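Okay, here's what each chain looks like letter by letter:
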Amino acid sequence: ISKKLESTGNLFAVEKIVHQYPHCWRCKHPIIYRATEQWFCSVEDFKEEAIREIEKVQWIPSWGEGRIRNMVSDRSDWCISRQRLWGVPIPIFYCEQCGEFHIDEASVKAVADLFRKEGSDAWWTHEANEILPAGTKCKKCGCEKFRKETDIMDVWFDSGSSHAAVLMDKPGMKWPADLYLEGADQYRGWFQSSLLTSVAWKGVAPYKAVCNHGWVVDANGKTMHKSLGNGIDPLEITDKYGADILRLWVASSDYHADISLSNDILKQLSEVYRKIRNTARYILGNLYDFHPDTDSVSDEQLHEIDRWALAMSRIAADCAAAYDKYEFHLIYNAIRNFCTIDLSNFYLDIIKDRLYVEKPDSVSRRAAQTAIYRILRDMTLVFAPILAFTCEEIWTNLPKSKDYNAEACVLNEMPKGNRCCESAEFMAKWEKIRAIRDDVNKALENARNQKTIGKSLEAQLTLKADGELYCFLKENEEILEPVFIVSKVVLEQGAANANGEVEGLEVVVSKAQGEKCERCWVYSDTVGQDEKHPTLCKRCAAIIG
């Protein structure tokens, strides 16, 4: 317009102002507004019913309930018409003579029958008189000539009624849906339009639960879009890292907020995956001669530390609860910590002596094998929905029990765990032992740096403590050497110069006395006592026989 005025010499002045103006998200061009008649659907008649249904739905996260409730409460109507060239038409006709709109049960049924036969494109390929029943007349003036509505139905009405199209007539489907999953912007969109169409039609919500997620953002925090060119193709990830890394990334993210994705994040997850996989490989390697149905020992024959490790399977209960709430990042964190902290850095390190040194069919070794078999079995079943391919690989190589389906791990029930399999006092005892072991490990590392010792079995520990802590150590003196993986532990009662995190504990490291057994590597005074095995300690000589 301004250019036309300028060309005709009628433009007095023009000034350009930079301001925000709506643009099409797809083509990026400014949107032209025009005044036109619109079709509206009143929400008032069923608003209270919709709000009551909102209260019955499980909203994940819980703040979603308040968000959609406020939106529905503040809404009075729904503009269901759009002026676009594509979409599902609004099935309304207009009288060519007086302009009155025409819609009744017969006309709607005629359109529905045509669409069922030819699809909604038939609206554009047929004339009005070809669609309407013969003899249809304008109710206002009696004219028999009509034209079709050119507006389309709001696309939110299309998606909002998808529950009827998908769940009502297809075999194997059921209505209402168990879960609706979409982005956090859909409280105004799909979540709400589905609710309104369903309540208006059937009086109930079309879903039992609704879960929302955030957006995937790049390393700079920008939302990934094809138009921006900052996205990462999932195929690139699977080609480079494997599908399980992509699945692990999804599970590790608190997806209710925006989720970051970059090559650095994928590399970090690859390290976590490698640790989980190596933990499984180590356990499988130590089950080569173990069959769960014939070699398992009873719970009474397990060592205390075995019971502690199995008690840690209470994470199965936590994971089952997290699955029910779609909080997959809690499952990821639980399995990651269990594998790297509880198993690799503590339990598996300690039981190496039993697995490698004890007689193959001894109760002590079988107890350790029983524990690691049960741990890996349950961990695989719990993690299978996330690390699908890796867990199937583990299951294929895991010794098979008659109590479980050997074909595939996903054909078995997921373990629910037992939160109370051991007493609180028992668990607190082992947490205290772990804390003491942390101080011991720091002292051993310092001694290693000072060249006092090499491997931990070259060490003798002197633990100085008093009062309750000394009594605790004395009560558990029998298990200290295998737990600390040293050749000798000496307890001294008296005032201690605490040199670690445990209050009142002093750890002194010195070179272990005696000779090194070439089989178990423990230093002791019993090496060479058996003439048949002069390089072995008394324990190993008895095992060899």
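Refer to the preceding data block for the structure.
Definitions and cut-offs
- Residues numbered from 1 in each chain as written.
- Predicted model: local features only at pLDDT ≥ 70, side-chain atom pairs only at ≥ 80, totals over all residues.
- Heavy atoms only, no water.
- Patch = residues over 30% accessible without salt bridge, like charges linked within 9 Å, V, L, I, M, F, W, Y side chains within 5 Å.
- Areas by Shrake-Rupley, 256 points an atom, 1.4 Å probe, with all protein chains shown as cover.
- Salt bridge = Lys/Arg side-chain N within 4 Å of Asp/Glu carboxyl O.
- Helix = DSSP H or I, 4+ residues; strand = E, 2+ residues; numbered from the N terminus.
- Pairing = 2+ DSSP bridges.
- Axes fitted to C-alpha atoms, helices over the stretch in contact; angles between N-to-C directions.
- Contact = heavy atoms within 4.5 Å.
- Phe/Tyr/Trp six-rings, centres within 6.5 Å; stacked < 30°, edge-to-face > 60°.
- Buried < 20%, exposed > 50% of the residue type's maximum accessible area, 1.4 Å probe, protein only.
- Lys NZ or Arg CZ within 6 Å of the ring centre and 35° of its normal.
- Expected span 1.5 Å × (residues − 1).
- Bend = angle between axes of the 7 residues up to and from the residue.
- Left-handed = near helix turned anticlockwise from the far one by under 90°.
- Nonpolar A, V, L, I, M, F, W, Y, C, P; charged D, E, K, R; others polar.

Enquirer: What should I look at first to understand a nonpolar patch on the surface in this one?
Expert: A cluster of nonpolar residues, Y21, I31 and Y33, forms a patch on the protein surface that exposes about 320 Å² of accessible area. You can see Y33 is positioned in the loop between helix 1 (2–7) and strand 1 (40–42).

Enquirer: Looking at this structure, how should I read the sheet that holds strand 13 (residues 459–465)?
Expert: By way of backbone hydrogen bonds, the strands of a sheet pair with one another, either parallel or antiparallel. Strand order in this open sheet of 3 strands is 14-13-15, and the pairing throughout is mixed. Looking along the sheet, the strands with just one partner apiece sit at the ends: strand 14 (488–493) and strand 15 (506–511). Going from strand to strand, the sheet's axes swing by 20 degrees on average, the running direction of each strand aside. With 6 bridges joining them, strand 13 and strand 14 adopt parallel strand pairing. What sits directly across from L461, in strand 14, is V489. Those strands touched by helix 21 (residues 467–475) are strand 13 and strand 14, and its axis lies near 150 degrees from that of strand 14. Running over the sheet, helix 22 (residues 477–484) touches strand 13 and strand 14 and is turned about 130 degrees from strand 14.

Enquirer: Got a minute to help me understand the packing of aromatic side chains in this structure?
Expert: In this description, a pair of aromatic rings is defined by centroid distance and the angle of the planes. Counting across every chain of the model gives 19 aromatic pairs. Judged by centre distance (4.3 Å) and plane angle (20 degrees), the ring pair of Y180 and W190 falls under stacked. Taken as a pair, Y180 in strand 9 (residues 180–183) and W190 in helix 9 (residues 190–202) lie far apart in primary sequence, 10 residues in all. We classify W190 as buried; its relative accessible area is 17%. Between the aromatic rings of Y323 and F328, the centroid separation amounts to 6.1 Å while the plane-to-plane angle is 65 degrees, which identifies the pairing as edge-to-face. What makes Y323 buried here is its relative accessible area of 14%. Through a chain of ring-to-ring contacts, the aromatic side chains of W59, W63, Y180, Y187, W190, F191 and Y207 assemble into a single cluster. Sitting over the ring of W201, K202 keeps its end group 4.9 Å from the ring centre. Geometry around W521 places K516 over its ring, the cationic atom sitting 4.7 Å from the centre.

Enquirer: Is there a simple way to think about helix 16 (residues 328–350) in this case?
Expert: Because the α-helix completes a turn every 3.6 residues, residues three or four places apart line up on one side. Given a rise of 1.5 Å per residue, 23 residues ought to cover 33 Å, and the 31 Å separating the end C-alpha atoms of helix 16 matches this to within 8%. A bend of about 55 degrees at L343 is the largest found in helix 16.

Enquirer: What is the right way to read the packing of helix 12 (residues 263–285) against helix 18 (residues 363–383) from this model?
Expert: Geometrically, a packed helix pair is captured by the angle between its two axes and the distance between the axes. Where helix 12 contacts helix 18, the two axes come as close as 10 Å, and the packing angle between them is 140 degrees. Judged by the twist between their axes, the crossing of helix 12 over helix 18 is left-handed. Touching I276, A280, I283 and L284 of helix 12 are I372, L376 and F383, all from helix 18. Its residues assigned to classes, the contact of helix 12 with helix 18 shows 7 nonpolar, no polar and no charged.

Enquirer: Which parts of the structure should I look at to understand the pairing of strand 13?
Expert: Within a regular strand, side chains alternate between the sheet's two faces. In terms of residue burial, strand 13 counts as a mostly covered element, since 6 of its 7 residues are buried. Sheet topology places strand 13 next to strand 15; 6 bridges connect them, and they run antiparallel. Considered in strand 15, the bridge of A459 is made with K511.

Enquirer: What is the right way to read the pattern of salt bridges from this model?
Expert: Two side chains of opposite charge can pair, provided their charged atoms sit close to one another. Enumeration according to the criterion identifies 31 salt bridges in this entry. The salt bridge partner of D289 is R365, with a shortest N-O separation of 2.9 Å. Linking D289 in the loop between helix 12 and helix 13 (292–295) with R365 in helix 18, this pair joins segments that are 76 residues apart in sequence. Note on R365: relative accessible area 3%, which makes it buried. Of the charged contacts, one joins D299 and R374 as a salt bridge, the two residues approaching to 3.1 Å between their closest N and O atoms. Here D299 is found in the loop between helix 13 and helix 14 (304–311), whereas its partner R374 is found in helix 18, with 75 residues between them in sequence. Bridged by salt links that share partners, the residues D289, D295, R365 and R366 form one connected network.

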